[in-house]
Amino acid sequence: MELERLITQLGKFKVLKISNCGEIKGEVSISGAKNSALPLLAASLLVEELTLENFPILLDTLYGLKILQNLGKEIILYPETNRVVIRGTVKGNKVDYQLAGLFRGSILFLGGLLGSMGKAQIAQPGGCPIGKRPIDLHLKFLQSLGCQIEQEGDFITVKLPPKPKRREFTFEKITVTGTENALLTLTALEGEFILKNVALEPEVLDLVSFLRKLGVKIEIFNRTFKIVVPRKKELKHSLTHQIIPDRIEAGTFLVLGALLGNPLKVKGLNVFHLKAVIEKLQKAGVRLKVKSPGEVEVYKSILRGDNYLETQPYPGFPTDMQAQFMVLYALAKGRSVIVEKIFENRFQHAHELKKMGAKIRIEGNKAFIEGVEKLKGASVKATDLRASAALVIAGAVAEGETTISNIHHLLRGYEKFDQKLASLGCRLKLF
Ligand code: EPU
């Protein structure tokens, strides 16, 4: 009941209106990472009871909980303390078609179900329209194990073999959810496995630390995982896990602080996960103080142009921060260049920012940005999750009022973003 109520409550909003925020003085606390919570929800299928702490309550994680509920899990959610208990036996192996279509993270239930049931039926995942986003690498890994894979329309049915065909696999390209799905799947198969060219995003390593607590041995060296899975009965049945802070939410607030902070204190982050982001902020002339590994103070700064940014797998600069940096560079004196190397269609926000007065030219996967003095409020459309956050920042800085439609994207991935901004004195409203 609680789940439906929360989904309806968050899902009903269509538009956000925001006015110029002026200077911001205050502090903001960072929530748990959405992209850690999603693989951990899938991992809850591997145990009888999982308690997740620092659990972010947003649309994508609520959809994930709904999938688990449909698979027979009991969900006890404590929104006030950001805790969720997921317990009970898995009763099916098919992921609801409509729910899977709502968010990209649904593909992780493929690995979760294979790890727990040895069989999974799932539709192609939905999510942000930022590129082709195929799942061929997930399937190539499963084929290497000797899985039986059947595709009918949008549905894929995968069955694990009793014994794996191969015990070593190299990803042709680094994939975050592909690596996570491989880890989840392997928990069903005893013995040693080698995965090469894996993703090392902090969210992947959060899943690794959960799996180690479960009883799986995982060594990491040179983008390689050496995994030793014990017999099923040696794995733990009940676990508690604390989700890491959301580095993308933290980075989003750091950008906001760089434009308006007097100062803005961003608390509850992990500064080691934000190295590439902090480096690029400093290169752009942003004044910030790392007060502790969990707290950064950031000041409105005179921004330098001549910035060059290229998105890369971690520890490189995250694609999930590219849109927010485009706003920063749009207001930095001089020219800046952004090269998007992860997704081929992740510049849709540029078009919207241009409506607000930004000077941006797109050529393939490159954005050429000429800094302007100020942005002006306009009616814009959120084209994906991180684009929506970028537009909110732009609206907070722009003269006048900005109206952002398609705002469900923001609510899919940021917990209480509107409330956090309101607590900093921003005038904004969701409709
Ligand atoms: N790719 C393939 N084949 C595959 C899988 C991926 O070609 O089978 C390609 C993709 O098209 C892309 C690249 O590999 O060009 C990397 O994609 P990846 O698989 O790493 O992305 P993902 O796992 O689908 C996760 C995050 C994204 C984040 C990316 C990159 C989750 C649920 N999603 O997506 O987060 O942008 O990694 O870091 O973890 C967001 O939170 O806004 C978001 C989009």
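Novice: It is not clear to me how the state of the cysteines should be interpreted in this structure. Could you clarify?
Specialist: By definition, a disulfide is the covalent link that joins the sulfur atoms of two cysteine residues. Per the stated rule, a full pass over the model turns up 1 disulfide. Across the disulfide from C21 sits C426; the S-S distance is 2.2 Å. Linking C21 and C426, the disulfide has an S-S dihedral of approximately 125° and is accordingly described as right-handed. Remark: C426 occurs in the loop between α15 (417–423) and β23 (428–430) and C21 occurs in the loop between β1 (15–19) and β2 (24–29); sequence separation between them is 405 residues. Using a relative accessible area of 11% as the deciding quantity, one classes C21 as buried. By relative accessible area, C426 is classed as buried at 5%.

Novice: Can you walk me through the environment of D384 in this structure?
Specialist: Along the polypeptide, D384 turns up in the loop between β21 (379–381) and α13 (385–397). Once the C-alpha coordinates of D384 and A323 are considered, the two residues, 61 residues apart in sequence, prove to be 9.9 Å apart. Separated by 3.0 Å, the side chain of D384 and the backbone nitrogen of R386 make a polar contact. A polar atom in the side chain of D384 sits 3.0 Å from the backbone nitrogen of A387.

Novice: Would you take a moment to explain the sheet that holds strand β19 (residues 359–363) for this structure?
Specialist: Two orientations exist for strands paired in a sheet by backbone hydrogen bonds: parallel and antiparallel. Pairing in this open sheet of 4 strands is mixed, and the strands run β17-β18-β20-β19 from one edge to the other. Whereas interior strands pair on both sides, the edge strands pair on one side only; in this sheet they are β17 (307–310) and β19. Averaged over all pairs of adjacent strands, the angle between strand axes in this sheet comes to 15°, irrespective of strand direction. Relative to strand β20 (residues 366–370), β19 is paired through 5 bridges, and the arrangement is antiparallel. The partner of K359 across the bridge, within β20, is E370.

Cut-offs and rules
Residues numbered from 1 in each chain as written. Predicted model: local features only at pLDDT ≥ 70, side-chain atom pairs only at ≥ 80, totals over all residues. Heavy atoms only, no water. Disulfide = S-S within 2.5 Å. Helix = DSSP H or I, 4+ residues; strand = E, 2+ residues; numbered from the N terminus. Buried < 20%, exposed > 50% of the residue type's maximum accessible area, 1.4 Å probe, protein only. Polar contact = N/O pair within 3.5 Å; in protein donor to acceptor, adjacent residues only side chain to side chain. Pairing = 2+ DSSP bridges. Axes fitted to C-alpha atoms, helices over the stretch in contact; angles between N-to-C directions.

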